[in-house]
Amino acid sequence: MKLRKVSAAAATALVLALTATACGGDNGDDNGSDTGSGSGGGDKIKIGIKYDQPGLGLKEPDGTFSGFDVDVATYVAKELGYDPKQIEFVETKSADRENALDRGDVKFIAATYSINDERAKLVDFAGPYLLAHQDLLIKADSDISKGTDLNGKKLCSVTGSTSAQNVKESIAPKAQLKEYGTYSECIAGLQSGAVDAVTTDDSILAGFASQANYKGQFKLAGLKLSNENYGIGVKKGDTATVDKINKALEKMVSDGAWETAVKENFGPAGYKNEPAPKIGDIVK
Ligand code: GLU
């Protein structure tokens, strides 16, 4: 009787141990949520980026990824214990970011993701790691020169972006705003004449304007219509990851990797970025 009791307890312990192992493995395969520090952190980490924004987050034809957000994400992942080959990049379009974090599809998002109060109710942010400004991209011969010139004009931005929201609330409430799913669709609309201007962050617009296939066709208005403080989004409540990412971002700035990434990614577009922001310093 006594022996049977011991066996039952041992069996229970074994089941618990197996369950714990299985859970750990699942998390590691899932989004890297089992870990985040030290070396060999889980099998893989899933990170949300943009796929169509040259200089920030771009999926190249050969399947590799480039851009400032990609470099920031790769640096941060390394600090969390993941080598580049353990990273799986996932496309997170502007309107999908909060849901992707909430569902646990990705461990974090580095995708031109501005920190604001509304979003901070749904997700947590590390950073900021870049300060950009909303601007307009127009045809090289366009005479649009200020935000109010847009009233009555066809303007394109992206669903779920601060850019679209700012147009409706303040910049040009009377513009005919077309909201597409991605900025590349807006740029195609500008080229074809379907829209008169595209609005979003100057960092993004500069990247598109410098692409070989658009060279000379477009110009930035240079208006600084807003302050866009890029943060790294994590699931609401995951403050441990926020803290680790903030430490990684501070290190990236202090060891010069931030400056290198800026030069490599924004240099070709001639984008004059703001200096590295201090962690927690949001420019309103
Ligand atoms: N930074 C702005 C935002 O987070 C515009 C760029 C984007 O849509 O990703 O909404």
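Up top is the structure.
Note that this is a predicted model, so its numbers are computed, not measured.

A. Structural view of the nonpolar core. If you look at the biggest cluster of nonpolar residues, it comprises 51 residues, and the most contacted ones within it are Ile47, Phe68, Val76, Phe108, Tyr129, Val198 and Ile232. Tallying contributions element by element places helix H2 (residues 68–79) first for this core, with 7 residues. Membership of the second largest hydrophobic core comes to 10 residues, among which are Leu150, Ile171, Ala172 and Ala197.

B. Geometry of the packing of H2 against helix H8 (residues 239–254). Where H2 meets H8, the axes come as close as 9 Å, and the angle between the chain directions of the two elements is 115°. Between H2 and H8 the crossing geometry is right-handed. Together, Asp71, Val72, Tyr75, Val76 and Glu79 of H2 and Ile245, Ala248, Leu249, Lys251 and Met252 of H8 make up the contact between the two elements.

C. Examining empty space enclosed by the protein more closely. Inspection of the entire model under this criterion finds 1 cavity of 30 Å³ or more. In this model, the largest cavity occupies a volume close to 70 Å³. Residue lining of the largest cavity: 14 residues in total, with Arg97, Thr112, Ser161, Tyr183 and Asp201 positioned closest to the centre. Elements with a minimum of two residues in the lining of the largest cavity: helix H5 (162–171) and strand S11 (197–201). Considered class by class, the residues forming the lining of the largest cavity number 2 nonpolar, 7 polar and 5 charged.

D. Region of interest: the packing of H2 against helix H9 (residues 257–266). Look at H2 against H9: their axes get within 9 Å of each other, and the N-to-C directions meet at 155°. Overall, the two elements H2 and H9 adopt an arrangement that is roughly antiparallel. Crossing angle aside, the handedness with which H2 passes H9 is right-handed. Residue-level contacts link Phe68, Asp71 and Tyr75 of H2 to Ala257, Trp258, Ala261, Val262, Glu264, Asn265 and Phe266 of H9. Considered class by class, the residues forming the contact of H2 with H9 number 7 nonpolar, 1 polar and 2 charged.

E. Region of interest: the state of the cysteines. The final tally for this structure, using the stated rule, is 1 disulfide. Paired by a disulfide, cysteine 156 and cysteine 186 hold their sulfur atoms 2.1 Å apart. Looking down the S-S bond of the cysteine 156 and cysteine 186 bridge, the torsion is -70°, so its handedness is left-handed. Of this pair, cysteine 156 sits in strand S9 (residues 154–158) while cysteine 186 sits in helix H6 (residues 183–192); the two residues are 30 residues apart in sequence, bridging distant segments of the chain.

F. Spatial organisation of the site of the ligand. In the vicinity of the ligand lie 17 residues, with Ser94, Thr112, Ser114, Tyr183 and Asp201 positioned nearest. One nitrogen or oxygen atom from the side chain of lysine 50 is found 2.7 Å from an oxygen atom belonging to the ligand. Note that an oxygen atom of the ligand is positioned 2.7 Å from one of the side-chain N or O atoms of threonine 112. About the coverage of the ligand: the protein hides 100% of its 280 Å² of free accessible area. For the ligand, the cavity whose grid points lie within 2 Å of the majority of its atoms is the largest cavity. Secondary-structure elements contributing two or more residues to the shell around the ligand are H5, S11 and strand S13 (228–235).

G. Structural detail: the packing of aromatic side chains. Inspection of the entire model under this criterion finds 9 aromatic pairs. Both rings, one in tyrosine 51 and one in phenylalanine 65, keep their centres 5.4 Å apart while their planes meet at 45°; by these two values the pair is tilted. Of this pair, tyrosine 51 sits in the loop between strand S1 (45–49) and strand S2 (52–53) while phenylalanine 65 sits in strand S4 (residues 65–66), and the two are 14 residues apart along the sequence. A centroid spacing of 5.0 Å and a plane angle of 70° characterise the contact between tyrosine 113 and phenylalanine 125, whose relative ring orientation is edge-to-face. Linking tyrosine 113 in the loop between strand S6 (108–109) and helix H4 (117–120) with phenylalanine 125 in strand S7 (residues 123–132), this pair joins segments that are 12 residues apart in sequence.

H. Representation of helix H7 (residues 202–209) in the model. Counting buried residues in H7 gives 8 out of 8 residues, a clear majority hidden from the surface. Among the residues making up H7, those that are buried are Asp202, Ser203, Ile204, Leu205, Ala206, Gly207, Phe208 and Ala209.

Reading the values: the criteria
- Numbers given for residues are sequential positions, taken from 1 along each chain in its written order.
- Local features in this predicted model are restricted to residues whose pLDDT is 70 or higher, and side-chain atom pairs enter the listing and the counts only when it is 80 or higher, whereas totals over whole chains, interfaces and linings include all residues.
- The side-chain values count all of the structure's non-hydrogen atoms but skip hydrogen atoms and water molecules.
- Nonpolar cores are built from buried Ala, Val, Leu, Ile, Met, Phe, Trp, Tyr and Cys residues. Side-chain atoms within 4.5 Å join them into one set.
- The buried label applies to any residue whose accessible area, calculated with a 1.4 Å probe on protein chains only, is under 20% of its type's maximum; exposed applies above 50%, and partly exposed to all values in between.
- Numbering of helices and strands runs from the N terminus; a helix is a DSSP stretch of H or I covering at least four residues, while a strand is a stretch of E covering at least two.
- Axis definition: a line fitted to C-alpha atoms, over the contacting stretch in the case of helices. Angles run 0 to 180 degrees between N-to-C directions.
- Should the near helix be turned anticlockwise from the far one by less than a right angle, the crossing is left-handed, and should it be turned clockwise, the crossing is right-handed.
- Pairs of residues are marked as contacts when any of their non-hydrogen atoms sit within 4.5 Å.
- In this analysis the probe radius is 1.4 Å and the grid spacing 1 Å, with only protein atoms considered; a cavity is a set of points the probe fits into but cannot get out of, a pocket is an open set with protein on both sides within 12 Å along at least five of seven lines, and lining residues have an atom within 4 Å of a point.
- Grid points are joined across faces, edges and corners, and a volume is the space filled by probe spheres set on the points.
- The nonpolar class holds Ala, Val, Leu, Ile, Met, Phe, Trp, Tyr, Cys and Pro. Asp, Glu, Lys and Arg form the charged class, and all remaining residues, Gly among them, are polar.
- For this classification, under 35 degrees means roughly parallel, over 145 means roughly antiparallel, 65 to 115 means roughly perpendicular, and everything else is oblique.
- By convention in this document, the label disulfide applies to cysteine sulfur atom pairs within 2.5 Å.
- When at least one non-hydrogen atom of a residue lies within 4 Å of a molecule or strand, that residue is treated as near it.
- Here a polar contact is taken to be a pair of N or O atoms separated by no more than 3.5 Å, where protein atoms must pair a possible hydrogen donor with a possible acceptor and residues adjacent in sequence count only if both atoms sit in side chains.
- Surface exposure here means Shrake-Rupley accessible area, sampled with a 1.4 Å probe, where a residue is shielded only by the protein chains that are shown.
- Assignment to a cavity or pocket requires that more than half of a molecule's atoms be within 2 Å of the site's grid points.
- Planes of paired rings set the category: under 30 degrees apart is stacked, over 60 is edge-to-face and the rest tilted, where pairs are Phe, Tyr or Trp rings (Trp by its six-membered ring) whose centres lie within 6.5 Å.

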